[in-house]
Amino acid sequence: MVFQLKIKRKNNKLRMGYCLMILIFIINYLVCVFAEPTFLREFCSGGNYTTNSTYQSNLNVLLNSTLRAFKTEGGVSNEHRSANTGSEPDTVYGSYQCRSDLKSNECEDCFDSATEDIKKSIRCPNYKQGILWYEECILRYSNESLHPTLQDKPAFYIVNETTVSSTNRDEFSKTLAKLVDKLVRESTVAKNQFATTEENFATSRKIYGLVQCTLPDISSNDCNKCLSRVAGNLSVCCYEKIGARVLNPTCNLRYELYPFYESKAITAAPPQSSLPPPTYQKPRKSHAKIVIIVVVPSVVVLCIITIWCLRSRWACATRKTKQIDKIYEIHSDESVQFNFSTLRAATNNFSNVNKLGEGGFGPVYKGTLSDEQVVAVKRLSRYSDQGEEEFSNEVALLVKLQHRNLVRLLGFCLDGHERLLVYNFMPNSSLDKFIFDSVKRTYLDWEKRYKIIGGIARGLLYLHEDSRLKIIHRDLKASNILLDADMNPKIADFGMARLFKVDQTQASTERIVGTYGYMAPEYALHGKFSEKSDVFSFGVLVLEILNGNKNNSFVDPEISGDLVSYAWRHWNNGSALDILDSVLKDNHSESEVMRCIHFGLLCVQEDASDRPSMALIVLMLNNHSTTLPVPSLPAFCVQSKTKSKNIHFGGIGDRPGTASVSDQSTSKSAESINEASITELYPR
């Protein structure tokens, strides 16, 4: 009897195991069948439009009908669509392209997802220009005509951080080079400028690749140029990695160690028959039974899975809320917790009139509390992928930090799904609103700029060495420097910051965050960050303050590069003062300017050990007798066209940085589970 019970229990366990395996199989199948298009990256620019404006109305018409009109034309859904709606100055231009190996319904699903993301302000909220990359498609819109010409900026790299084994590395690199070369050749002669291929690698292994020029009406020559540049950068950053992809407005490239694209042998639609349609016959009962047997259990299983998913999601959300509540109970004695109704009243129900701006976290509003104190309220967007983590990180750090050059957190709010942060209001907004504006920059004389540089340096020194914590900011840039009524700088936005131990010098991550143009090479390439990562960003920021232009949008006829390259060229030529903003030409201290250029270039050295500490920089600012080392060629520096066409990649590679990046990379194989966050690059 006991033996029989044991057998029954064993059989029950086996049955449960089989059921679980079947259930997992069905879940995986359904996930594959009903999977949403995978968002990869967005790039937003062109200033903002007003809600309910003519421009927004035209944008909605473009997405809802003008571009969608192509849907009814046979075969067009897999190809490029472009159209425009409205009249100047509110004309909206749009283009859409699907990956050419996908079926029509997959292309339409991607188009629907992209348009919904824009209309619901999930992507590029209120921006006049946007580029959205998905796994399956790319959608662009702009207030300027989208000319079919080569455009390879910005570019984003997604790199699988898993490297090939040392024994196979040479063979892998040669095979990958062969594969990429073959893809470039095949795509530029193909009618739709699209190609997929595979190459044998090692024993019974293959590398799979795909390229596509995203504007099929560009010339094959421009397509070839774009892909050749991408291929050249791959040889620097990615040839030891088992998978990578590059996204830019003109061309895309991807390779993996597993087949990620649809087979070339896609079954074609049957030709139209000239024969009359077959006569209708009533289905036999056996067919009806089969339908019942297959469909009914499937519906039951689907219902069970749906309930299970909803319960799991609810449990996960509950755990997350409890975890956050627990975190803030610890800090409740150090910071004020506001009621949501108080902040809603202070901002006039988060009125657009009070909106100060919007970042990756969410919108920021001006508010007035009942005691007449003016505050800035940052509200977490429900569609923000990183917001929950940024929120907890910022509160956990800022309640413990107090310095005249750091933004002061007054409190926070936790109410259901609502997450809000409350700061002192900064009447002069952020530094980028001044130095990158042709009119407002005239308000910043040399004395004010030098004061701002010194204040930022002291704030960073406090974070790195003088506070009770050791903080690496990781996203230092002009828009994250706020200015009070007296133009004193306040370092803000600690959502990406990381806490170090007192004796810790470096850390690494697979989740690379930050802003392109400000990221140190060791961080952009390998995810390694330290105090010297912030020093690199500070150096870029100093050069921007001196020149009045953004590093990554700087244009000079002598150089196809950025502000750092421009500054280095003038330093090398003995004409360093020429980089100074023209509004300061007759009003500046030459010794102070030269000192700032000097340590600015030292901060952007390729090797982190060659960069000065913030303590030394503060000393340089206060003591002009301090001897400075001579800077060498900066990281990511492009030489003058008149001297050389070679690009300096710092010996490692010109891999990017990202604007508030999210890790939304996906994989179909265990070989790609270590894929790093999306990062950006301006390849040259």
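A few points on the structure. No experiment lies behind these values; they were computed from the predicted model shown. (Residues numbered from 1 in each chain as written. Predicted model: local features only at pLDDT ≥ 70, side-chain atom pairs only at ≥ 80, totals over all residues. Heavy atoms only, no water.)

In total, this model carries five disulfides according to the counting rule given. Between the sulfur of C226 and that of C251 lies a disulfide, 2.0 Å long from S to S. Because the torsion about its S-S bond is -80 degrees, the bridge between C226 and C251 counts as left-handed. Of this pair, C226 sits in helix α5 (residues 220-237) while C251 sits in strand β10 (residues 251-256), and the two are 25 residues apart along the sequence. Residue C251 is classed as buried on the basis of its relative accessible area, which comes to 1%. (Disulfide = S-S within 2.5 Å. Helix = DSSP H or I, 4+ residues; strand = E, 2+ residues; numbered from the N terminus. Buried < 20%, exposed > 50% of the residue type's maximum accessible area, 1.4 Å probe, protein only.)

The subject of this paragraph is the pattern of salt bridges. Oppositely charged side chains are able to pair whenever their charged atoms sit close together. What the rule picks out here adds up to 22 salt bridges. E116 is paired through a salt bridge with K120; the nearest N and O atoms lie 3.9 Å apart. Here E116 falls in the partly exposed class, since its relative accessible area comes to 31%. A salt bridge links E256 to R254; the shortest N-O distance between them is 3.1 Å. Among the charged side chains, a salt-bridge network with shared partners connects R99, D101, E135, R245, R254 and E256. (Salt bridge = Lys/Arg side-chain N within 4 Å of Asp/Glu carboxyl O.)

Packing of helix α10 (residues 446-466) against helix α15 (residues 614-622) leaves a shortest axis separation of 9 Å and a crossing angle of 150 degrees. In this view, α10 runs roughly antiparallel relative to α15, as classed from their interaxial angle. At the point where α10 passes α15, the crossing takes the left-handed sense. On the side of α10, the interface is formed by Y450, I453, G454, A457, R458, L460, L461, H464 and E465, while α15 contributes M614, A615, I617, V618 and L621. Looking at the contact of α10 with α15 residue by residue, the class counts come to ten nonpolar, two polar and two charged. (Axes fitted to C-alpha atoms, helices over the stretch in contact; angles between N-to-C directions. Parallel < 35°, antiparallel > 145°, perpendicular 65-115°, else oblique. Left-handed = near helix turned anticlockwise from the far one by under 90°. Contact = heavy atoms within 4.5 Å. Nonpolar A, V, L, I, M, F, W, Y, C, P; charged D, E, K, R; others polar.)

With that out of the way, let us pick up the pairing of strand β9 (residues 244-247). Both faces of β9 are covered, namely the face carrying A244 and V246 and the face carrying R245 and L247. Here strand β6 (residues 155-159) runs beside β9; their pairing, made up of four bridges, is antiparallel. From the neighbouring strand, I158 faces β9, where its bridge partner is R245. In this sheet, β10 lies alongside β9 in antiparallel orientation, the contact comprising four bridges. Bridging from a neighbouring strand, L247 pairs with N252 of β10. Where β9 hands over to β10, the hairpin turn is made up of three residues, counted between the paired strands. (Pairing = 2+ DSSP bridges.)

Once that is clear, we can look at the pairing of strand β2 (residues 80-85). The pairing of β2 with strand β3 (residues 92-98) spans six bridges and is classified as antiparallel. Each bridged residue has a counterpart across the sheet, and for T85 the counterpart in β3 is V92. In this antiparallel pair of consecutive strands, β2 and β3, the connection spans six residues, and G86 shows a positive phi of 90 degrees.

All right, on to the nonpolar core then. Counting 73 residues, the largest nonpolar core has L431, I456 and F538 as its most contacted members. If you tally residues by element for this core, the top one is α10, at ten residues. Apart from residues lying up to four places away in sequence, I456 is in contact with L431, L476, I481, P489, I491, F538, L541 and I545. The next biggest cluster of nonpolar side chains, apart from the first, holds 31 residues, and it includes V164, I218, C223 and C226. (Core = buried A, V, L, I, M, F, W, Y, C linked by side-chain atoms within 4.5 Å.)

Here the focus is the side chain of N58. Among the secondary structure elements, N58 is positioned in helix α2 (residues 54-66). A relative accessible area of 11% means that N58 is categorised as buried. A polar contact is formed between the side chain of N58 and the backbone oxygen of D90, at a distance of 2.8 Å. With sequence-adjacent residues up to four places away left out, N58 is seen in contact with T85, G86, D90 and V92. (Polar contact = N/O pair within 3.5 Å; in protein donor to acceptor, adjacent residues only side chain to side chain.)

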